[in-house]
Amino acid sequence: MKKSQLFFLLILASVLVFLPQISSEYVLDWLTKTMIFAIFALSLELLVGQTGLVCFGQSAFFGIGAYTAVLFSAKVDHTYLGYLLPLAIFAAALYALIVGALSLRTKGVYFIMVTLAFAQMAYYVIHDTPLGGGTDGIYLYHKPIIFRDLVLEGSIFIYFFTTICLFLVLGFLGLLSSSRFGRALIGIKINELRMRAMGFETYWYKLVAFVISGAIAGIAGFLFAMKDGFVNPEILSWHLSGAVLMMIILGGLGHLRGAVIGAFTYALLEELFRSEIIFGSFSKNWHLGLGLTLILSVALLPKGLFGIRDQLQKSLPLYLANFKKLPKTKL
Amino acid sequence: MDFFTLLIQVLNAVQYGLLLFLVAAGLTLIFGMMGIINLAHGSFYMIGAYLSFGLAPIVAQTIGGGFLVTLVVGLIFAIFLGYLLEWLFYSYLYERDHLQQVLMTYGLILVFEEIRSLLLGDDVHSVAIPAWLSASVQLGDIMTYPIYRLFISGICLLLAAAMLIVLTKTRLGMMIRAGSVNREMTQSLGVNIQFLYRLVFASGVAIAAFAGMIAAPVTSVYPGMGQSILIICFVVVVIGGIGSIRGALIASLLIGFVDTFSKVLLPNVAGVLVYVLMATILLWKPSGLFKAGS
């Protein structure tokens, strides 16, 4: 592990452990939600940032994880976490296997659209059939038991559970990206043809990455259902796929840290533009500020927030050098 | 289903398909020629619809014209808007990769939606059908079909034919097609490619807005209308093959029929069916029915 990576993890861990001591219920809820989205963003980062597959239907796996958790919880009694969580992950991974096996036959823009189409299919199945409670969504009445009397409920407990999940996912993806498999994925991102020429069956590598990504999105969906105790079809809509894509692009592609930073920045921006104290009645139209920020970030930060350092290192000396060369008489 | 019900559904399917074509045509041209994934294209349809709602009273007061004058004023506004947007935002995206384009155009969607909300509010509004088109045609003993829907189909057909002729038979179309195949080579042959791009983009915006303007009396105007049509138009573009106008025409009619008839015959799965169709076609032909240029 590099020094900067360790540094990032230490700061993140200490902030996340320390914050609940001083923060209110609202902040705690916000932090939990943002960490869930960070896990979700990490799942997409594995596909977009590490493998170069732009998936525009990630919300389907998130939603399927969440819906599985709610649908398979017993109506009158608590269910075991050891049964519910693997089931949610399995359901999301299974759908990812089907979608991946079919959509990986296409490339580029077509891949983006096919994954979107499969996500829309899942959305309409949940939205239009009585299976998932239709547009109203369904409530989760009894949260699962971890063991004996320990039930996964209460905002502090769910917060720490989510924190642990975030670090496990980060650790797992970190190990994965330094393994032979992870290197092969990066190779596919850079030049798939060359990887094939070197004897890698790239289709299977991409498919495994797709399934892992779906499974992690399923974890995020499961946590989301646990946090709110409620699911509705909107968590499968393409807006969520879009938002999570924004998070990882905003953070900077190609780094796991970028996904986490992006998720937190996106959530902070949302809070900022929604706050009535700063924007008054304009806070109702908070999308305007968010949209303008996204446009500006494309114009100014082509490599995302994570790339700011590189960008400065490259352009600042150049800028300064040019500045010195300017003839002074003109100023 | 008796003959007249079938006829009405067929007419509805054709009208919906042709309307989709108008929006999708601009999308596929911008996609194919400039290589830009324009998520904000649905917003231009939305802008058009709100133009016909918002402009009508202003036009009636200042110029004193009716429906047609509003259409013309709206069209001029849309061309101007498209030209401006290309100059301010899109011209920076040509060299960037697809993800940056997705991010910026997504940002534009948010901005357009909020500006719409600030200017005209979030309510659903209906737009009146002009009096001279509000009659209906008698079909059989009990059924009627509104003339306005026939008018929409007619205008869409005219525009579609005009677009195909301009693209395949004129010198301008030749330059556009050349530009979509090889930008540098076309430029080196003395074509002002930057102006050409701006022109294509502006007309794409104008056509999408025009579709919104003539659709508004049928669909009414409501927030989020641009986004639902955007996704369907992407389906059309992908089925038809990116960059192919002819493909977009056939695909949008196909979607029009599948959508209309599935809503009548299988209402439970109507939402899913369009996407199933797209997935099947792409698995059979991974780059759409028609490749660009063929």
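The rules behind each value
- Once a new chain begins, its residue numbering starts again from 1 and follows that chain's sequence as written.
- Just so you know, chain letters begin at A and ligand numbers begin at 1, following the order they were written in.
- Under the rules for a predicted model, residues below a pLDDT of 70 receive no local features and side-chain atom pairs below 80 are neither given nor counted, while totals for whole chains, interfaces and linings still include all residues.
- Per-residue confidence from the predictor is given as pLDDT, running between 0 and 100.
- Helix axes are fitted to C-alpha atoms over the stretch in contact, other axes to C-alpha atoms as well, and angles between N-to-C directions run from 0 to 180 degrees.
- Helix numbering and strand numbering both begin at the N terminus, where a helix is a DSSP run of H or I of at least 4 residues and a strand a DSSP run of E of at least 2.
- Should an angle lie under 35 degrees it is considered roughly parallel, over 145 roughly antiparallel, and from 65 to 115 roughly perpendicular; all remaining angles are considered oblique.
- Any residue pair is listed as a contact if its two C-beta atoms, each placed from the backbone, are within 7 Å.
- All residues other than Ala, Val, Leu, Ile, Met, Phe, Trp, Tyr, Cys, Pro, Asp, Glu, Lys and Arg, Gly among them, are scored as polar; the first ten of these are nonpolar and the last four charged.
- One less than the residue count of a helix, multiplied by 1.5 Å, gives the span that helix is expected to have.
- Three classes are used. A residue is buried when 20 or more other C-beta atoms lie within 10 Å of its own, exposed when 12 or fewer do, and partly exposed in between, with C-beta atoms placed from the backbone.
- In this scheme, strands are said to pair when DSSP sees at least two bridges between them.

(A) Fine view of the confidence of the model for chain B. Mean pLDDT over chain B: 86, with 98% of residues reaching 70 or higher. For this predicted complex, the interface score ipTM comes out at 0.78, alongside a pTM of 0.85.

(B) Quick peek at the packing of helix H2 (residues 25-51) of chain A against helix H10 (residues 238-251) of chain A. All names here are of chain A. At a minimum axis separation of 9 Å, H2 and H10 run at an interaxial angle of 75 degrees. Judged on the interaxial angle alone, H10 and H2 are roughly perpendicular. Across from Phe37, Phe40, Ala41, Leu44, Glu45, Val48 and Gly49 in H2, the residues of H10 making contact are Val244, Leu245, Met247 and Ile248. Its residues assigned to classes, the contact of H2 with H10 comprises nine nonpolar, one polar and one charged.

(C) Expanded view of helix H11 (residues 256-274) of chain A. Residues and elements named next belong to chain A. The end-to-end C-alpha separation of H11 is 28 Å, in line with the 27 Å expected for 19 residues at 1.5 Å each. Every buried residue belonging to H11 is among Leu256, Arg257, Gly258, Ala259, Val260, Ile261, Gly262, Ala263, Phe264, Tyr266 and Phe273, and all of these are buried. If you follow the buried residues of H11, they end up packed against helix H1 (3-22), H2, helix H6 (155-178), H10, helix H12 (276-279) and helix H13 (286-300).

(D) View of the interface of chain B and chain A. Between chain B and chain A, the contact holds 34 residues from the first and 33 residues from the second. Only helix H4 (98-120), helix H9 (225-240) and helix H11 (270-284) of chain B provide two or more residues apiece to the side of chain B that touches chain A. With 15 residues, the single largest contributor to the side of chain B that touches chain A is H4(B). Looking at side-chain class alone, the side of chain B that touches chain A contains 24 nonpolar, seven polar and three charged residues.

(E) Representation of the pairing of strand S1 (residues 136-139) of chain B within the structure. All names here are of chain B. One ladder, built from four bridges, connects S1 with strand S2 (residues 143-146); its direction is antiparallel. Among the inter-strand pairings, Gln138 is bridged to a residue of S2, identified as Thr144. Where S1 folds back on S2, the antiparallel hairpin that results is connected by three residues, among which Gly140 adopts a positive phi of roughly 70 degrees.

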